[in-house]
Amino acid sequence: EKMNSTMSEEPDALSVVNQLRDLAADPLNRRAIVQDQGCLPGLILFLDHPSPPVVHSALLALRYLAECRANREKMKSELGMMLSLQNVIQKTTTPGETKLLASEVYDILQSSNMSDMDNVNEMNYRRRKAQFFLGSTNKRAKTVVLHIDGLDDSSRRNLCEEALLKIKGVISFTFQMAVQRCVVRIRSDLKAEALATAIASTKVMKAQQVVKSESGEEMLVPFQDTPVEVEQNTDLPEYLPEDESPTKEQDKAVSRVGSHPEGAGSWLSTAANFLSRSFYW
């Protein structure tokens, strides 16, 4: 049941960018990806891709990479980075969640070399500007912190990520695996319960919300057990379940990456080859 060879040699843009996003989700790989010759330019080119899921996935990868402070200066000065982010924010056809995610990445990079005070002013200015671009479609984003029972390895994290990506209104998320947490940015008209419902649908994880009490102490608040009707994201592709995944070997390579960062190298060069072939002919 071998697939024809051209298929396996020529991954499509979405599978390449999803692989990069998955690699970037692991903090151990973030420096290597940004140092690589081909990956950052490739991700920037993906921001101009006609397919909305490809753009969103590229932004999630950049969001992960920007979490590593040491990466920010290089990312900001990379040719076309800031301009492409602005294009995504200003394009009238960009979906709302994608615009918010792009302005979030833009803010992080823009403020990478400022003092904290400048930072706050700049962030507020950017936010107002982004609001202006987003117009009435932007009902401010909010942050929800989840404590997720069962979030204890990368395959669980992937399950969690897929469940969250399917919800309309989810902008971005950051995993803090050591403390079983996920910080999710959502549009303010989305109920946090929808996140709990999606995570419960994995059958192996359960979410509680982390809130601060008036005295500043963190508390875990369980969600109501009544499932919420979740609006599915229709413009994102269906993810193939593991056993139907066309590239079994690549999946294995990616799951090994976390424990052996050098394993990322070979995959990155494959991605870079694909990118240079696709974009520079």
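The protein carries the name Armadillo repeat-containing protein 1 in an unreviewed UniProt entry, which gives Alca torda as its organism. Regarding the protein, the relevant UniProt record gives this comment under Subunit (unreviewed entry): "Interacts with mitochondrial contact site and cristae organizing system (MICOS) complex components IMMT/MIC60 and MICOS10/MIC10. Interacts with mitochondrial outer membrane sorting assembly machinery (SAM) complex components SAMM50 and MTX1." Looking at the Function (unreviewed entry) heading of the UniProt record, one finds this comment for the protein: "In association with mitochondrial contact site and cristae organizing system (MICOS) complex components and mitochondrial outer membrane sorting assembly machinery (SAM) complex components may regulate mitochondrial dynamics playing a role in determining mitochondrial length, distribution and motility."

**Student:** Would you take a moment to explain the pattern of salt bridges for this structure?
**Tutor:** Pairing between side chains becomes possible if they bear opposite charge and their charged atoms approach one another. Under the defined criterion, the tally for this structure stands at eleven salt bridges. In this structure, the salt-bridge partner of Arg63 is Glu67, at a minimum N-O distance of 3.9 Å. Since its relative accessible area comes to 13%, Arg63 is described here as buried.

**Student:** Sorry if this is basic, but what is going on with the side chain of Thr202 here?
**Tutor:** With respect to the helices, strands and loops of the structure, Thr202 is situated in the loop between helix 11 (192-200) and strand 4 (206-212). Overall, the relative accessible area of 15% leaves Thr202 in the buried class. Here the side chain of Thr202 touches Ile199 through a polar contact of 2.6 Å, landing on its backbone oxygen. Leave out the neighbours within four places in its chain, and Thr202 touches Leu159 and Ala163.

**Student:** I tried to follow helix 6 (residues 69-77) on my own but got confused; where do I start?
**Tutor:** Among the residues of helix 6, those classed as buried are Asn71, Arg72 and Met75. End-on, the buried residues of helix 6 take up no more than an arc of 115 degrees, which puts them together on one face. Where the residues of helix 6 are buried, they touch helix 3 (30-35), helix 4 (39-46), helix 5 (52-66), helix 7 (81-90) and helix 8 (96-110).

**Student:** Even after reading the chapter, I still don't get the sheet that holds strand 1 (residues 141-149), so can you show me in this structure?
**Tutor:** Consider a sheet: its strands pair through backbone hydrogen bonds, and that pairing is either parallel or antiparallel. Strand order in the open sheet made by the five strands is 2-3-1-4-5, with antiparallel pairing throughout. Of all strands in the sheet, those with a lone pairing partner are strand 2 (170-176) and strand 5 (218-222), marking the two edges. On average, each strand axis in the sheet is tilted by 35 degrees relative to the strand beside it, whichever way the strands run. Here strand 2 runs beside strand 3 (residues 181-187); their pairing, made up of six bridges, is antiparallel.

Parameters and conventions
Counting restarts for each chain: residues are numbered from 1 in the order of the written sequence. Local features in this predicted model are restricted to residues whose pLDDT is 70 or higher, and side-chain atom pairs enter the listing and the counts only when it is 80 or higher, whereas totals over whole chains, interfaces and linings include all residues. The side-chain numbers reported here are obtained from all heavy atoms of the structure, hydrogens and water having been left aside. UniProt positions are given in the numbering used here, feature names are shortened, and annotations may be inferred rather than shown by experiment. Salt bridge criterion: a side-chain nitrogen from Lys or Arg within 4 Å of a carboxyl oxygen from Asp or Glu. Think of it in three bands: with a 1.4 Å probe and only protein chains considered, a residue is buried below 20% of the maximum accessible area for its type, exposed above 50%, and partly exposed in between. Strands are runs of DSSP state E lasting at least 2 residues, helices are runs of H or I lasting at least 4, and numbering of each runs from the N terminus. In protein, a polar contact means a hydrogen-donor-capable atom and an acceptor-capable atom, both N or O and within 3.5 Å, with residues adjacent in sequence counting only if both atoms are side-chain atoms; elsewhere, any N or O pair within 3.5 Å suffices. We call two residues in contact whenever any of their non-hydrogen atoms come within 4.5 Å of each other. Arc definition: it is the arc formed by the directions from the helix axis to the C-beta atoms. Any two strands are treated as partners once DSSP identifies two or more bridges connecting them. Where helices are involved, their axes are fitted lines through C-alpha atoms of the stretch in contact, as for all axes, and angles between N-to-C directions lie from 0 to 180°.

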